[in-house]
Amino acid sequence: MPHGQVKAAFSRGTAPGPAPGARILIVGGGYVGMYTALRLQRNLKAELARGEAEIVVVTPDPYMTYQPFLPEAAAGLISPRHVVVPLRRVLGGCRVLIGEAESIDHAKRTAVLSTLATEEEGTGSLELSYQELVLAPGSVSRTLPVPGLADHGIGFKTVEEAIGLRNHVIEQMDIASSTRDPAIRDAALTFVFVGGGYAGVEALAELQDMAHYATRYYHNIEPTDMKWLLVEATDRILPEVGEDMGRYTVRELRRRNIDVRLETRLDSCEDRIAQLSDGARFPTRTLVWTAGVKPHPVLAASDLPLNGRGRLKCTTHLSIDGAPHAWAAGDAAAVPDTTAKEEGAVCAPNAQHAVRQAKLLADNLAASLHGRPLAAYAHKHAGSVASLGLHKGVAHVYGRKLKGYPAWFMHRAYHLSRVPTFNRKARVLAEWTLSGLFKREVVSLGSLEHPRAEFALAAGGGRPGPGSRPAREGGAGGGDKDGGTREGGGTAEGSP
């Protein structure tokens, strides 16, 4: 296509801001947001250099979290900083805004944003115009009106939650080892996980593995003193790996003295007592909620078409149906699954689809700007892998079923190949190598969550509360957190 036509395609409107050309607004910095921006940087390199285009990424965090590594980060096998990819480093050709989209008026091509600066200035939200929109805000935790959940539940969707949970588990072991009250000791050593999907099973398996190892450093705690429970409302766990591997996983967890309760719901967790639908009651100081996700609220705060589940109606080209110049993929998008036998099937909201959709979305967006034909998305589910702790796992890939060490090795090999940037691959591989040569690190740095605690105490601000003790007192921090999460990409982390 002649250069003049390309320039005309990029000149549909002039947006305010530092770049005078067409503005592409990407909402979300997860799998889809980061990979789309990364691909667009390459596809539109010449236009970005000439100022004919600008890519703006709006994200609540300055990094993308590689969620499949969260369980290993929680278990101390990977450093938290190696689980995240700094967006400003990899998206040098984009403008990164740390904030969130509150609402979108696509008819007017505007988005209302709140950023760190708007909070400091106190001037309210700002309005940003755009010519092309990519909606990839990911999902948020799906909570239920369970009494006490908001007060005592802990989420497992962000790196902060993963490290906070690790600190919290070790703190409970510290409490149990030093208390003289049997009731407090019992509650401290009872850990309840709600949700039998990837997040719940992998988090529980890795943390139980870590805590079991840590007992060798406590003179009065034995592995059998701890109670680990997995509560799942359906009759199976890890449905992505198939029924046979799901049953194997239940047997493997129960062999490790983990109480797996299927077809059971959490009815209440008030007063730190987990009340289950089967009548069982467990005093506990740790309740981890991983019972699914739901679309990000910004989708409902837009004028874009949604399906019955609140996801954006998309075409096979990853454009939003009936909304020109709007695109979506990942958790937020209901993309037709052309490889499925069922009519009207849509792609599952998992990382396997999200990464592939992001690359095609960027190619199609660039093609539309240059007047080229668009390609349709089609990917047949390849299978799933899941880790069940060190040297343990399950996998169902291309019809082949693996368990134990081979599945665990496949899990690590696959995700090492998929984690973004060579820098992260090398660092993660180095940490795995070192962890195989030396003993596992079992230390809590919960006081990092309250960096001003010791100074406030020294300055006469009063003694910090529980979970906020200065580092010299050996505090583990963590404490109880609410179940809220921020936006992120990908939910079924174990999918190839």
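Residues numbered from 1 in each chain as written. Predicted model: local features only at pLDDT ≥ 70, side-chain atom pairs only at ≥ 80, totals over all residues. Heavy atoms only, no water.

### Some words on the nonpolar core
The biggest cluster of nonpolar side chains holds 117 residues, and the ones touching the most others in it are Ile24, Leu25, Leu135, Phe193, Trp228 and Leu312. Beyond its immediate sequence surroundings of up to four residues, tryptophan 228 is in contact with Val169, Phe191, Phe193, Leu204, Leu207, Gln208, Ala211, Asn257, Ile258 and Asp259. Core analysis: the next-biggest nonpolar cluster, separate from the first, contains 15 residues, Val146, Phe282, Leu287 and Trp289 among them. (Core = buried A, V, L, I, M, F, W, Y, C linked by side-chain atoms within 4.5 Å. Buried < 20%, exposed > 50% of the residue type's maximum accessible area, 1.4 Å probe, protein only. Contact = heavy atoms within 4.5 Å.)

### Regarding the pairing of strand E6 (residues 110–115)
A large share of E6 lies buried, amounting to five of its six residues. In this structure, strand E5 (residues 95–105) lies alongside E6, joined through six bridges in antiparallel fashion. Its bridge partner lying in E6, aspartate 105 is registered against threonine 110. Direction of pairing for E6 relative to strand E7 (residues 126–129): antiparallel, over a ladder of four bridges. Note that in E7 the partner of leucine 113 across the bridge is leucine 126. (Helix = DSSP H or I, 4+ residues; strand = E, 2+ residues; numbered from the N terminus. Pairing = 2+ DSSP bridges.)

### Thoughts on the layout of surface pockets
It is a probe the size of a water molecule, rolled over the atoms, that shows where empty space is left. Its boundaries defined by the atoms lining it, the largest pocket holds a volume of some 1300 Å³. Looking at the largest pocket, it is lined by 48 residues, and the ones nearest its centre are Arg142, Glu240, Ala291, Gly292 and Val293. At the level of elements, strand E9 (139–141), helix H10 (198–214) and strand E18 (293–295) are the ones that each hand at least two residues to the lining of the largest pocket. The residue inventory of the lining of the largest pocket, partitioned by class, reads 21 nonpolar, 16 polar and eleven charged. (1 Å grid on protein atoms, 1.4 Å probe; cavity = no way out; pocket = protein on both sides within 12 Å on 5 of 7 lines; lining within 4 Å. Points joined across faces, edges and corners; volume = space filled by probe spheres on them. Nonpolar A, V, L, I, M, F, W, Y, C, P; charged D, E, K, R; others polar.)

### Description of the packing of aromatic side chains
Counted according to the given criterion, the structure contains eight aromatic pairs. Ring centres of tyrosine 31 and tyrosine 66 lie 6.1 Å apart, and the angle between their planes is 65°; on these two criteria the pair is classed as edge-to-face. Of this pair, tyrosine 31 sits in helix H2 (residues 31–43) while tyrosine 66 is found in the loop between strand E3 (63–65) and helix H4 (70–74), placing the two residues 35 residues apart along the sequence. As far as the burial class goes, tyrosine 31 and tyrosine 66 line up, both buried. One aromatic cluster in this structure is built from Tyr31, Tyr66, Phe69 and Trp432. (Phe/Tyr/Trp six-rings, centres within 6.5 Å; stacked < 30°, edge-to-face > 60°.)

### Remarks on H2
In this model H2 runs 18 Å from its N-terminal to its C-terminal C-alpha over 13 residues, within 8% of the 18 Å that 1.5 Å per residue would give. The set of residues buried in H2 consists of Tyr31, Val32, Gly33, Met34, Tyr35, Thr36, Ala37, Leu40 and Gln41. (Expected span 1.5 Å × (residues − 1).)

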